[in-house]
Amino acid sequence: KAGVTQTPRYLIKTRGQQVTLSCSPISGHRSVSWYQQTPGQGLQFLFEYFSETQRNKGNFPGRFSGRQFSNSRSEMNVSTLELGDSALYLCASAGTSTYEQYFGPGTRLTVT
Amino acid sequence: GQSLEQPSEVTAVEGAIVQINCTYQTSGFYGLSWYQQHDGGAPTFLSYNALDGLEETGRFSSFLSRSDSYGYLLLQELQMKDSASYFCAVLYSGAGSYQLTFGKGTKLSVIP
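Presented here is an overview of the structure given in this document. All values derive from a computational prediction rather than experimental measurement. (Residues numbered from 1 in each chain as written. Chains lettered and ligands numbered in written order. Predicted model: local features only at pLDDT ≥ 70, side-chain atom pairs only at ≥ 80, totals over all residues. Heavy atoms only, no water.)

## As for the pattern of salt bridges
All names here are of chain A. Stated precisely, the cut-off is as follows: We count a salt bridge whenever a side-chain nitrogen from Lys or Arg sits within 4 Å of a carboxyl oxygen from Asp or Glu. Only protein chains enter the accessibility calculation, which uses a 1.4 Å probe. A residue is then buried if its area is under 20% of the maximum for its type, exposed if over 50%, and partly exposed in between.
This structure, assessed with the given rule, holds seven salt bridges over all chains. The shortest N-O distance in the salt bridge between arginine 55 and glutamate 48 comes to 2.6 Å. The residue glutamate 75 makes a salt bridge to arginine 67 at a minimum N-O spacing of 3.2 Å. Here glutamate 75 falls in the buried class, since its relative accessible area comes to 17%. In this structure arginine 67 comes out as partly exposed when scored by relative accessible area, which is 46%. Through salt bridges with shared partners, one network takes in Arg63, Glu82 and Asp85.

## Regarding the sheet that holds strand S7 (residues 64–68) of chain A
Residues and elements named next belong to chain A. Stated formally: One requirement defines pairing of two strands: DSSP has to find at least two bridges between them. Secondary structure follows DSSP: runs of H or I at least 4 residues long count as helices, runs of E at least 2 residues long count as strands, and numbering of each begins at the N terminus. What counts as an axis is a line fitted to C-alpha atoms, over the stretch in contact for a helix, and the angles between N-to-C directions run from 0 to 180 degrees.
The antiparallel open sheet is built from four strands, whose spatial order is S1-S3-S8-S7. Looking at the sheet topology across the chains shown, the edges are occupied by strand S1 (5–7) and S7. Across the sheet, the axes of successive neighbouring strands diverge by a mean angle of 20°, strand direction being ignored. As judged from the five bridges shared by S7 and strand S8 (residues 74–78), these two strands associate in the antiparallel manner. Bridge pairing links glycine 66 to methionine 76 in S8.

## Looking at empty space enclosed by the protein
How we decide: For cavity detection a 1 Å grid was placed over the protein atoms alone, and a set of points counts as a cavity when a 1.4 Å probe fits there but cannot get out; an open set counts as a pocket when protein lies on both sides within 12 Å along at least five of seven lines, with lining residues being those that have an atom within 4 Å of a point. Grid points are joined across faces, edges and corners, and a volume is the space filled by probe spheres set on the points.
If you walk through the whole model with that rule in mind, you get one cavity of 30 Å³ or more. Space inside the largest cavity adds up to approximately 40 Å³. Residue lining of the largest cavity: A:Ser33, A:Tyr35, A:Phe45, A:Glu48, A:Asn56, A:Thr98, A:Gln101, B:Tyr98, B:Gln99 and B:Leu100, and that is the complete set. When contributions to the lining of the largest cavity are tallied by element, the ones reaching two or more residues are strand S4 (31–38) and strand S5 (42–50) of chain A together with strand S10 (97–102) of chain B. Top element by residues in the lining of the largest cavity is S10(B). It accounts for three residues.

Structure below.
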């Protein structure tokens, strides 16, 4: 079974721009979660989508948004980028057990 | 809200045993998961405890005490490849679904 894939793997953007990241979950997984990872801050939860609906949302500003398509693929968008948005963005999918999430390799976003 | 505490760094000798502790304050607590992340890699699921006690998976064991809001990951017969960051994550119920919140991680360095 193919794992979680994320594109692009690396991205460099300028402050004020917007960016869209993509995630394809493991086949059959309907839950997709997004996390932001920065040094010393661990994995901070952004949001979770399940069957095209946002099921949970973390404590991030409205500049961070996402969506999920009928094939469970998910996208995350960040508008008006700030330097502090530089991070590794991880996507994870889960089947019936939310406690066992399968992570993609991440997208390394650098904002200059 | 949810809060988790784990040591930021731990160093141990190859072949030895190391314990990584995790304390949490969580409403709607359901269980505790552990994940491993090597530098440059994606987090991978190690174990999950919903009930008090010890769960063993090869060289790794995980323990939970719900009354003490405490858990730990025990790594035996340490190998150099165990050098990685280890995250505890609480599974809790809220807003009609389950959600996973991660701690900030413990960086384990295994030395010869």
